[in-house]
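Chain and residue survey
Take a look at the letters that make up each chain.
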Amino acid sequence: MPIIVNLDVVLAQRKMRLNDLAAAVDITPQNLSILKTGKAKAIRFSTLEAICQTLGCQPGEILEFRPEPDPKKPV
Amino acid sequence: MNANEMSPKIGSRLNRIKTVSRLFRVIVGVLVVIWVLLAALFVVASVKYALGGGGPPVPGAMQFHISFSPHQIYTVPFHISLPVFLLGVVQLFLGGFGLILLNRLFTLYERGDFFKTENIRCIKFLGLVVVGIWLTQTILELMARQYNIEGSGLVYGGLVVFVAWIMDEGRKISEEQELTV
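Everything quoted here is computed from the prediction, not taken from an experiment.

Let us look at the overall build of chain B. For chain B, the count of helices and strands is four helices and two strands. Order of helices (α) and strands (β) in chain B, N terminus to C terminus: α-β-β-α-α-α. Relative to its 181 residues, chain B shows a buried fraction of 33%. Long-range pairs, those at least 24 residues apart, make up 66% of the contacts in chain B between residues at least 6 apart in sequence. In the structure as shown, chain B presents an accessible area of about 11,400 Å², 70% of it carried by carbon and sulfur atoms.

Looking only at helices and strands, chain A has five helices and two strands in total. Each helix and strand of chain A, ordered N terminal to C terminal, gives the series β-α-α-α-α-α-β. Within chain A, the fraction of its 75 residues that count as buried is 28%. Of the contacts formed within chain A by residues at least 6 apart in sequence, a portion of 64% connects residues at least 24 apart. Put simply, chain A shows about 5,300 Å² of open surface, and 55% of that area lies on carbon and sulfur atoms.

Turning our attention to a nonpolar patch on the surface. A cluster of nonpolar residues, Val20(B), Leu23(B), Phe24(B), Val26(B), Ile27(B), Val30(B), Leu31(B) and Ile34(B), forms a patch on the protein surface that exposes about 690 Å² of accessible area. Within the element layout of this structure, Ile27(B) appears in helix α1 (residues 8–51).

Next up on the list: the interface of chain A and chain B. Of the residues lining the interface, 12 residues belong to chain A; the matching set on chain B comes to seven residues. When the two sides are added together, the surface that chain A and chain B hide from each other amounts to roughly 780 Å², 60% of it contributed by carbon and sulfur. Joining chain A to chain B, the criterion identifies one salt bridge. Among the ionic pairs, Lys41(A) bridges to Glu175(B), the shortest N-O distance being 3.7 Å. At the surface where chain A touches chain B, the tally comes to four residue pairs in polar contact (both at pLDDT 80 or more).

Across all of its chains, the model carries six aromatic pairs over all chains by this definition. Taken together, the aromatic side chains of Phe24(B), Phe106(B), Tyr109(B) and Phe114(B) make up a single cluster linked through ring pairs.

What follows deals with the packing of helix α3 (residues 117–143) of chain B against helix α4 (residues 152–178) of chain B. Residues and elements named next belong to chain B. It is the contact of α3 with α4, at a shortest axis distance of 7 Å, that shows an interaxial angle of 165°. Overall, the two elements α3 and α4 adopt an arrangement that is roughly antiparallel. Where α3 crosses over α4, the two elements pack in a sense that is left-handed. Along the contact surface, α3 presents Thr117, Ile120, Ile123, Lys124, Gly127, Leu128, Val130, Val131 and Trp134, while α4 presents Gly153, Leu154, Gly157, Gly158, Val160, Val161, Ala164, Met167, Asp168 and Arg171. Taken together, the residues of the contact of α3 with α4 break down into 11 nonpolar, five polar and three charged.

So, about the environment of Thr180(B). With respect to the element layout, Thr180(B) can be found in the segment after α4. Once residues lying within four places of it in the same chain are set aside, the contact partners of Thr180(B) are Ala42(A) and Arg44(A). Looking at Thr180(B), its side chain comes within polar contact range of the main-chain oxygen of Glu176(B), at 2.7 Å.

Moving on: unusual backbone geometry. Residue and element names in this part refer to chain A. In this structure, lysine 15 is a non-glycine residue whose phi angle is positive, near 55°. Note on placement: lysine 15 falls in the loop between α1 (7–14) and α2 (18–25). If you check the backbone angles, aspartate 26 has positive phi at about 60° while not being a glycine. When you line up the elements, aspartate 26 lands in the loop between α2 and α3 (29–36).

Here we take up the pattern of salt bridges. What the rule picks out here adds up to 12 salt bridges over all chains. Among the ionic pairs, Glu61(A) bridges to Arg14(A), the shortest N-O distance being 3.7 Å. Here Glu61(A), found in helix α5 (residues 59–62), pairs with Arg14(A), found in helix α1; they are 47 residues apart in sequence, far enough to count as distant. Assessed through its relative accessible area of 31%, Arg14(A) is described here as partly exposed. Among the ionic pairs, Asp168(B) bridges to Arg171(B), the shortest N-O distance being 3.0 Å. You can see Asp168(B) and its partner Arg171(B) sitting in helix α4, three residues apart, about one turn around the helix. One exposure class covers both Asp168(B) and Arg171(B), and it is buried. One salt-bridge network, held together by shared partners, links Lys41(A), Asp168(B), Glu169(B), Arg171(B), Lys172(B) and Glu175(B).

Here is what the cut-offs are and how they apply
- Residues numbered from 1 in each chain as written.
- Chains lettered and ligands numbered in written order.
- Predicted model: local features only at pLDDT ≥ 70, side-chain atom pairs only at ≥ 80, totals over all residues.
- Heavy atoms only, no water.
- Helix = DSSP H or I, 4+ residues; strand = E, 2+ residues; numbered from the N terminus.
- Buried < 20%, exposed > 50% of the residue type's maximum accessible area, 1.4 Å probe, protein only.
- Contact = heavy atoms within 4.5 Å.
- Areas by Shrake-Rupley, 256 points an atom, 1.4 Å probe, with all protein chains shown as cover.
- Patch = residues over 30% accessible without salt bridge, like charges linked within 9 Å, V, L, I, M, F, W, Y side chains within 5 Å.
- Salt bridge = Lys/Arg side-chain N within 4 Å of Asp/Glu carboxyl O.
- Buried area = accessible area lost by both parts, 1.4 Å probe.
- Polar contact = N/O pair within 3.5 Å; in protein donor to acceptor, adjacent residues only side chain to side chain.
- Phe/Tyr/Trp six-rings, centres within 6.5 Å; stacked < 30°, edge-to-face > 60°.
- Axes fitted to C-alpha atoms, helices over the stretch in contact; angles between N-to-C directions.
- Parallel < 35°, antiparallel > 145°, perpendicular 65-115°, else oblique.
- Left-handed = near helix turned anticlockwise from the far one by under 90°.
- Nonpolar A, V, L, I, M, F, W, Y, C, P; charged D, E, K, R; others polar.

Here it is in structure tokens:
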């Protein structure tokens, strides 16, 4: 998927642990881990809002769009 | 009790499913062994017949009667043409593949996997096997000039494939909901 989740990077920059963030945004660490590892298929605005508020960042810092190379196009 | 712990009721249900699945897996396993023996007998006897020149049956020689349907009983290896033999082989292998799929499905149930991708694939292929057996059976009956063709195999097989498709779509929806944070 071309949407990359950079939650681990932002967490490292803020020197915050996943469990602490989970407690702060009231989400189970398992669910937050799904988001961190890029397995998540969707994220609710309310979750994104809570994460951004806790980490003091913009959604764009957490989510990144990296287009996949088109296999049909020659390099 | 937290959400990850299993209630005693669920535990006993799972155990019941596992016990019944094990029983069915063993039964299907025995059927697979019988199928292998039958298939080997069918092929070896037919090859022996072909190598012998395909002449008329020797009086008193052993003959194997294999029934693919209540309407038709084939005497193997004698008195069958090559296309009928090949269709019989295809049908035999489809039946065996179906048994192997059933065995795999019961193994998954025994393991506690109920709505995984592999279960759904097994069910879908079982439906396709039923359709395949119906198709070969129909061709065999047409070749034997029996025109009272039944469509039940096609309907049942198609229904199984349809149910498997619904299950797969449901699994995708459930997975998407599970992976929404």
